[in-house]
Amino acid sequence: MRASTAGIFGGEHMNRRRAYTLTELMVVVAIASIVFVTAMPDNDAVIEEERRGFTEKFQADLGYARSQTITDPSDPVIVKLSPMTNEYWLARKSTPTTPILHPVIRKPFRVKVGPGTSRFSHVELVGAGFGDEQAIEFASTGSLKDDTTPVVRISVDGDLLDVAVGAVAGTVETVAADTETVVDELGKIVKKLLSPLK
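Residues numbered from 1 in each chain as written. Predicted model: local features only at pLDDT ≥ 70, side-chain atom pairs only at ≥ 80, totals over all residues. Heavy atoms only, no water.

> Which residues make up helix H3 (residues 43-71), and what values go with them?
Here H3 is 29 residues long and its end C-alpha atoms lie 42 Å apart, about the 42 Å a rise of 1.5 Å per residue gives. All of the buried residues along H3 are Ile47, Glu50, Arg51, Gly53, Phe54, Thr55, Lys57, Phe58, Asp61, Leu62, Ala65 and Thr69. (Helix = DSSP H or I, 4+ residues; strand = E, 2+ residues; numbered from the N terminus. Expected span 1.5 Å × (residues − 1). Buried < 20%, exposed > 50% of the residue type's maximum accessible area, 1.4 Å probe, protein only.)

> With reference to specific residues and values, describe the pattern of salt bridges.
Within the structure shown, the criterion is met by 7 salt bridges. In this structure, glutamate 48 and arginine 51 form a salt bridge, with 2.6 Å as the shortest nitrogen-oxygen distance. With a gap of 3 residues between them, glutamate 48 and arginine 51 both fall in helix H3, about one helical turn apart. For glutamate 48, a relative accessible area of 33% translates into the label partly exposed. Ionic pairing is found between glutamate 49 and arginine 52, a salt bridge with its closest N-O pair at 2.8 Å. (Salt bridge = Lys/Arg side-chain N within 4 Å of Asp/Glu carboxyl O.)

> An account of the side chain of glutamate 87 is needed here, citing residue identities and associated values.
Assignment of secondary structure puts glutamate 87 in strand S2 (residues 87-92). Since its relative accessible area comes to 9%, glutamate 87 is described here as buried. Here the side chain of glutamate 87 touches threonine 85 through a polar contact of 2.8 Å, side chain to side chain. Side chain to side chain, glutamate 87 and arginine 110 meet in a polar contact 3.1 Å long. In this view, glutamate 87 contacts Lys80, Leu81, Ser82, Arg110, Val111, Lys112 and Leu125; residues no more than four positions away in its chain are not counted. (Polar contact = N/O pair within 3.5 Å; in protein donor to acceptor, adjacent residues only side chain to side chain. Contact = heavy atoms within 4.5 Å.)

If you want it as structure tokens, here you go:
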């Protein structure tokens, strides 16, 4: 009877193999590592996609503001920027602090960027080089209201870029920022912030 139970329960053969071999463990670790690396998103690709997505969105929003201004030139739609709050919005010139309603989602036409946002978490508005109002305005003909080229400075994961707005169609072009200009602009911002304290 004893011989039959040994065959059923494994008998002394059962104690013989309790662990995996080193080779088996190494194969499992190698396969798990390959799966992990291929499943992990490429951070550089994510950041590049955010940069491209932001410039495309910004250009589309400029195009919408331009078309609304051509449609109703008596109260043009401006693009108002606020680097301090890391956002921009579209508003009527008569009420620049109140965003217009987005034509699709019927909510205020406001675009927030930076940490904590879902779409552009690596993008931050650093500054804008086009006057004290920090607004881009189109004329009734569709060209920019001012002769100067508006430049919006953004930081994409620490890299400074200038987004220049084209004078006629409101197209945008992204170029690497000149660090000397960045230092000058930051100095102007600090002076402006400190001037009320004097």
